[in-house]
Amino acid sequence: MENIVKVMAAGLLFLNLIPCSSAAGSDVLRSAGLGVEAVEMPEVPLPAAGSAGQPESGSLDLFRGFGRAEMPWALQLSGEKGAGGLEKAPVVSIKLEPIRNAYLKPAITFTTGAGTKVYVSGTKAANCPDGGNSCEEKEKFFLVLTTGRSESYFVRAGDIINWGIFYSGSKTVTIDGEKYVVKILADATSPEESVLEVKGPRGVALSATLKKIGEAVAARGVDVRLGRSYKLAYGNEIVQGPGGAKFTSKLLLLMLPFPVVDATTYFIFNASDIKPSGVTFPAFERSYSFRLQGGILDISKI
């Protein structure tokens, strides 16, 4: 299971907006077109422990190998310029608002009977189901169903895995008054070929492999070339608790080395750490400065 297709890892890792949680800012989120209420997460029976010669309940992990996040600390630009040369014109200049939460609407969709388009994406919460941080990483992965009205429904991926007699889970989401049952049909040998299935009142509304979903999500990233190539994502942090998952008002940047090489390290930045006066991140591309002002991210060579 460690040889997960690289582009699948890119697609899902790209969504890991996961520093420490913060209080939700309802007005900020509503202005961004995001729902702010927690989505109820039903209890799903734990898989039975395996007997001799059979896999134990914790042995199936479709999300293993997605890499490790680092959160580099920021250094004010003045300190760095004293040790280096003059700052040059930006090599990258990106308006962030147009790409905010863009990953929530990839080209994987189904349509309700009322004609509402529903986008299927994925993400990773900042914390564990109990609100703490002591859990396996696989307990933080979510699938996200987002309507054309920007209503998001969170489905914890570990709760909907189906694999032989050991795992049997699903989540029912009601959209436009219709019930949709979401499942992952696991392929333990080739996790990237595991299938996400959504069944509605008219039968199967969507069937797509995790690989295909990962490819679609990765396509929503912005290409950035510094010392190496990255995919850049920007969006609101997501946290979970006993009542479900929700957005917070904290905005995050993610830089994922691309193409992905196995379980690569990716980098997460709190947008509020990037000052208009400029900062550098010595643990990340130390030869570049970062400025965020008026909603525009400028990255310059120094």
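These numbers were taken from a predicted model, which means no experiment stands behind them. Each chain has its residues counted from 1, running along the sequence as written. Residue-level local features of this predicted model are given only where pLDDT is at least 70; pairs of side-chain atoms are given and counted only at 80 or more, and the full residue set underlies all totals for whole chains, interfaces and linings. Excluding hydrogens and water, the side-chain figures rest on all heavy atoms present in the structure.

Asker: Before we go on, may I ask you to explain the confidence of the model for the chain in this structure?
Answerer: It should be kept in mind that the predicted coordinates are not to be read in detail where pLDDT is low. Across the chain, each position has a pLDDT score giving the predictor's confidence in that residue, from 0 to 100. The pLDDT averaged across the chain works out to 80; a share of 73% of its residues lies at or above 70. Pairs of residues are marked as contacts when any of their non-hydrogen atoms sit within 4.5 Å. A low-confidence stretch, residues 17-29 stays under pLDDT 50, and its non-local contacts, those more than four residues away or across chains, total 44 contacts. When the criterion is pLDDT under 50, residues 36-58 qualifies, and its contacts beyond four places in sequence or with other chains add up to 49 contacts.

Asker: Would you mind showing me how to read the nonpolar core here?
Answerer: For soluble globular proteins, nonpolar side chains are generally found buried alongside one another. Throughout, nonpolar core names a set of buried Ala, Val, Leu, Ile, Met, Phe, Trp, Tyr and Cys residues whose side chains join them through atoms within 4.5 Å. When a residue's accessible area, from a 1.4 Å probe over protein chains only, is under 20% of the maximum for its type it is buried; when over 50% it is exposed; and in between it is partly exposed. Residues Val 120, Leu 196, Leu 206 and Ile 213 are the most contacted members of the largest nonpolar core, which totals 33 residues. Under the DSSP-based scheme used, a helix requires at least four consecutive residues in state H or I and a strand at least two consecutive residues in state E, with every element numbered from the N terminus. Ranked by the residues each element gives to this core, the list is headed by strand β6 (residues 141-147), at five residues. Every residue in contact with Ile 213, bar those within four places of it in the chain, is listed here: Ile 108, Val 120, Leu 196 and Ala 208. Membership of the second largest hydrophobic core comes to 23 residues, among which are Val 92, Tyr 230, Tyr 288 and Phe 290.

Asker: Looking at this structure, how should I read the sheet that holds strand β18 (residues 279-280)?
Answerer: Either a parallel or an antiparallel arrangement is found when strands of a sheet pair, and the pairing is made through backbone hydrogen bonds. Paired strands, in this sense, are two strands between which DSSP finds at least two bridges. In spatial order, the strands read β2-β18-β19-β20-β3; together these five strands make up an open sheet with antiparallel pairing. Of all the strands in the sheet, the pair left with one neighbour each is β2 (75-76) and β3 (90-95). Looking at chain direction, strand β19 (residues 288-293) and strand β20 (residues 296-301) are connected through six bridges and run antiparallel. The partner of Gln 293 across the bridge, within β20, is Ile 296.

Asker: Explain the sheet that holds strand β7 (residues 152-156) to me, please; I cannot follow it from the model alone.
Answerer: Across the sheet, four strands lie side by side as β4-β5-β6-β7; this open sheet has antiparallel pairing. Each edge of the open sheet carries a strand with a single partner, namely β4 (109-111) and β7. For this sheet, the mean angle separating the axes of adjacent strands, direction not counted, is 30 degrees. In this structure, strand β5 (residues 117-124) lies alongside β6, joined through seven bridges in antiparallel fashion. When the bridges of β6 are listed, Val 120 appears paired with Leu 145. Note on method: axes are straight lines fitted to C-alpha atoms, helices fitted across the in-contact stretch only, with angles between N-to-C directions ranging 0 to 180 degrees.

Asker: I'm lost on the pairing of strand β13 (residues 203-209) in this one. Help?
Answerer: Each regular strand displays side chains that alternate between the two surfaces of the sheet. When strand β12 (residues 195-200) meets β13, the two strands line up antiparallel, connected through six bridges. Within the sheet, the bridge partner assigned to Lys 199 lies in β13 and is Val 204. Counting the residues that bridge the hairpin from β12 to β13 gives two residues.

Asker: When you look at the pairing of β19 in this model, what are you seeing that I'm missing?
Answerer: Bridging between β18 and β19 involves two bridges; their strand directions are antiparallel. Following the sheet pairing, Thr 280 is matched in β19 by Ser 289. In this antiparallel pair of consecutive strands, β19 and β20, the connection spans two residues, and Gly 294 shows a positive phi of 60 degrees.

Asker: Teacher, can you tell me more about the packing of aromatic side chains here?
Answerer: A ring pair, where both rings are aromatic, is described by two values, the distance of the centres and the angle of the planes. Each pair of aromatic rings taken from Phe, Tyr and Trp, with Trp reduced to its six-membered ring, is defined by centres within 6.5 Å and is described as stacked if the planes are under 30 degrees apart, edge-to-face if over 60, and tilted in the remaining cases. Scanning the entire structure with this criterion turns up 12 aromatic pairs. Centre to centre, the rings of Phe 110 and Tyr 180 are 5.2 Å apart; their planes meet at 45 degrees, and the pair counts as tilted. Here Phe 110, found in strand β4, pairs with Tyr 180, found in strand β11 (residues 178-185); they are 70 residues apart in sequence, far enough to count as distant. Classification of Tyr 180 as buried rests on a relative accessible area of 1%. With a centroid separation of 4.8 Å and an interplanar angle of 50 degrees, the aromatic rings of Phe 267 and Phe 284 are classed as tilted. Taken together, the residues span a long stretch of sequence, with Phe 267 in strand β17 (residues 265-270) and Phe 284 in the loop between β18 and β19 at a distance of 17 residues. Its relative accessible area of 2% is what places Phe 284 among the buried residues. Taken together, Tyr 230, Phe 267, Phe 269, Phe 281, Phe 284 and Phe 290 form an aromatic cluster joined through their ring pairs. Should the NZ of a Lys or the CZ of an Arg lie within 6 Å of a ring centre and within 35 degrees of the ring normal, that charge is described as sitting over the ring. Geometry around Phe 258 places Lys 231 over its ring, the cationic atom sitting 5.1 Å from the centre.

Asker: I keep staring at the pattern of salt bridges and nothing clicks. Help me out?
Answerer: Any two side chains of opposite charge can pair, so long as their charged atoms come close to each other. Definition used for salt bridges: Asp or Glu carboxyl oxygen within 4 Å of a side-chain nitrogen of Lys or Arg. Evaluated as defined, the whole model comprises six salt bridges. Residues Arg 100 and Glu 97 are paired through a salt bridge, measuring 3.3 Å at the closest nitrogen-oxygen approach. With a closest N to O distance of 3.0 Å, Arg 202 and Glu 178 form a salt bridge. Pair noted here: Arg 202 is in the loop between β12 and β13 and Glu 178 is in strand β11, with a separation of 24 residues, a long-range link. The buried category is assigned to Glu 178, whose relative accessible area is 15%. One network of salt bridges, with partners in common, ties together Arg 149, Glu 151 and Asp 176.

Asker: For this particular structure, what's the right way to read the state of the cysteines?
Answerer: Working definition: a disulfide is two cysteine sulfur atoms within 2.5 Å of each other. Across all of its chains, the model carries one disulfide by this definition. Sulfur-sulfur distance for the disulfide between Cys 128 and Cys 135 comes to 2.1 Å. Across the S-S bond of Cys 128 and Cys 135 the torsion is about -90 degrees, and the bridge reads as left-handed.

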